[in-house]
Amino acid sequence: MVVDTANRDLIDQLTMQRFVTDKAIAKLKLNRADEALTIIRQLIWGQKFSDADDDKGQKSSILLPLWRQLVIRSYLLKGLDGDALKASMRYKFDYEDYNPEWNQLQARVLMKNGEYASAASILGYSTLPASKPLRHLAAMRAFPNELRSVLKLIRSEMKADNLSKEQLWAYQYVKYLGYIQNNSIFTACIELEALLAYG
């Protein structure tokens, strides 16, 4: 198959963008949000400059939605919850994204801003394993009168045979927070010991 020069340049550009994007993701995993945000903004600004300078009407990078999600993650990591909410609302307006990972990120932003009921509703549609414990946490915060029912549901779901160690840890952590919220300090201490046992 013959690849013309324009397509080859586009492939090279996308490869470089993916490489730099991976670098930003690595920075976020290392809790270096400022460095990650600088990299992501350079990618976005470079894309905008390229679009403005392009007389052929070339479309924005297919990575632009991912970059904008990484900006939101950076804001959360920096504790800029209000900025994360604004960026999340703009993203939701610009894209019809029903990806479970986006739903989970959106729910995290909502929870950071005290919108627990909305977060629980969004997570109800998520298929990611990590979404269930997060949904339970949102439900406990949004509907404190249902706390005991949620804790009972968590205990039931933890009996499943196919849960990973990470999933069990997440469930255990939410259960611990539930007993703290319920002012059951003694039980919370027992749950904390169990949580530490997961490593």
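Residues numbered from 1 in each chain as written. Predicted model: local features only at pLDDT ≥ 70, side-chain atom pairs only at ≥ 80, totals over all residues. Heavy atoms only, no water.

Now for the overall build of the protein chain. Scanning the protein chain from N- to C-terminus turns up 10 helices and zero strands. Start at the N end of the protein chain and walk to the C end: the helices and strands fall as α-α-α-α-α-α-α-α-α-α. Looking at the protein chain as a whole, 37% of its 199 residues are labelled buried. Within the protein chain, contacts between residues at least 6 apart in sequence are counted, and of these 54% link residues at least 24 apart. (Helix = DSSP H or I, 4+ residues; strand = E, 2+ residues; numbered from the N terminus. Buried < 20%, exposed > 50% of the residue type's maximum accessible area, 1.4 Å probe, protein only. Contact = heavy atoms within 4.5 Å.)

Right, let's get into the pattern of salt bridges. Two side chains carrying opposite charge are able to pair once their charged atoms lie near each other. Per the counting criterion, the structure on display carries five salt bridges. The partner of Asp34 in a salt bridge is Lys78, and the shortest N-O contact between them spans 2.3 Å. Here Asp34 is found in helix H2 (residues 33-53), whereas its partner Lys78 is found in helix H3 (residues 64-78), with 44 residues between them in sequence. The partner of Glu191 in a salt bridge is Lys175, with the nearest N and O atoms 3.3 Å apart. Of this pair, Glu191 sits in helix H10 (residues 185-197) while Lys175 sits in helix H9 (residues 165-181), and the two are 16 residues apart along the sequence. Each of the salt bridges in this network shares a partner with another, and the network as a whole consists of Lys27, Arg32 and Glu35. (Salt bridge = Lys/Arg side-chain N within 4 Å of Asp/Glu carboxyl O.)

Put simply, H3 and helix H5 (residues 100-112) touch, their axes get as near as 11 Å, and they point 30° apart. For H3 against H5, the interelement crossing comes out left-handed. Together, Gln69, Ile72, Arg73 and Leu76 of H3 and Glu101, Trp102, Leu105, Arg108, Val109 and Lys112 of H5 make up the contact between the two elements. (Axes fitted to C-alpha atoms, helices over the stretch in contact; angles between N-to-C directions. Left-handed = near helix turned anticlockwise from the far one by under 90°.)

Secondary-structure assignment places His136 in helix H7 (residues 131-142). Here Glu157 takes part through its side chain, which lies 2.9 Å from a polar atom of the side chain of His136. Once you skip the residues sitting within four places of it in the chain, His136 turns out to touch Val150, Leu153, Ile154, Glu157, Tyr171 and Val174. (Polar contact = N/O pair within 3.5 Å; in protein donor to acceptor, adjacent residues only side chain to side chain.)

Time to look at the nonpolar core. Counting 25 residues, the largest nonpolar core has Met111, Ala119, Leu137, Met140 and Ile154 as its most contacted members. Elements supplying a minimum of two residues to this core: H5, helix H6 (116-123), H7, helix H8 (147-157) and H9. Here this core takes six residues from H9, the largest share from any one element. Those residues in contact with Leu137 that sit more than four places away from it in its chain are Met111, Val174 and Leu177. In this structure, Leu37, Leu43, Trp67 and Leu70 belong to the second largest nonpolar core, which totals 22 residues. (Core = buried A, V, L, I, M, F, W, Y, C linked by side-chain atoms within 4.5 Å.)

The next subject is the packing of aromatic side chains. Centre distance and the angle of the planes are the two values used to describe a pair of aromatic rings. Following the criterion strictly, the structure yields four aromatic pairs and no others. Three or more aromatic residues joined by ring pairs make a cluster, and in this case those are Tyr91, Tyr95 and Trp102. (Phe/Tyr/Trp six-rings, centres within 6.5 Å; stacked < 30°, edge-to-face > 60°.)

The terminal C-alpha atoms of H3 lie 21 Å apart, and with 15 residues this matches the ideal 21 Å at 1.5 Å per residue to within 8%. Along H3, the residues classified as buried are Leu64, Trp67, Arg68, Gln69, Leu70, Val71, Ile72, Ser74, Tyr75 and Leu76. Once H3 finishes, Gly79 follows within two positions and takes phi at roughly 80°, a positive value. (Expected span 1.5 Å × (residues − 1).)

Time to look at H8. Taken together, the buried positions of H8 are occupied by Leu147, Val150, Leu151, Ile154 and Glu157. Along the axis of H8, the buried positions cluster into a sector of 125°, meaning they face one direction only. Every exposed residue of H8 that faces more than 90 degrees away from the buried side is listed here: Arg148 and Lys152. Tucked inside the fold, the buried residues of H8 contact H7 and H9. (Arc of directions from axis to C-beta.)

This part is about the confidence of the model for the protein chain. Model confidence for the protein chain is summarised by a mean pLDDT of 87, while 87% of its residues fall at 70 or above. Note on residues 51-58: pLDDT is under 50 here. Beyond four places in sequence and across chains, it has five contacts. (pLDDT = per-residue confidence, 0-100.)

Where H7 meets H8, the closest approach of the two axes is 9 Å, and the angle between their N-to-C directions is 165°. Considering their axes alone, H7 and H8 lie roughly antiparallel with respect to each other. When you trace H7 past H8, the crossing you get is left-handed. On the side of H7, the interface is formed by Lys132, His136, Ala139 and Met140, while H8 contributes Leu147, Val150, Leu151, Leu153, Ile154 and Glu157. Residue composition of the contact of H7 with H8, grouped by class: seven nonpolar, one polar and two charged. (Parallel < 35°, antiparallel > 145°, perpendicular 65-115°, else oblique. Nonpolar A, V, L, I, M, F, W, Y, C, P; charged D, E, K, R; others polar.)

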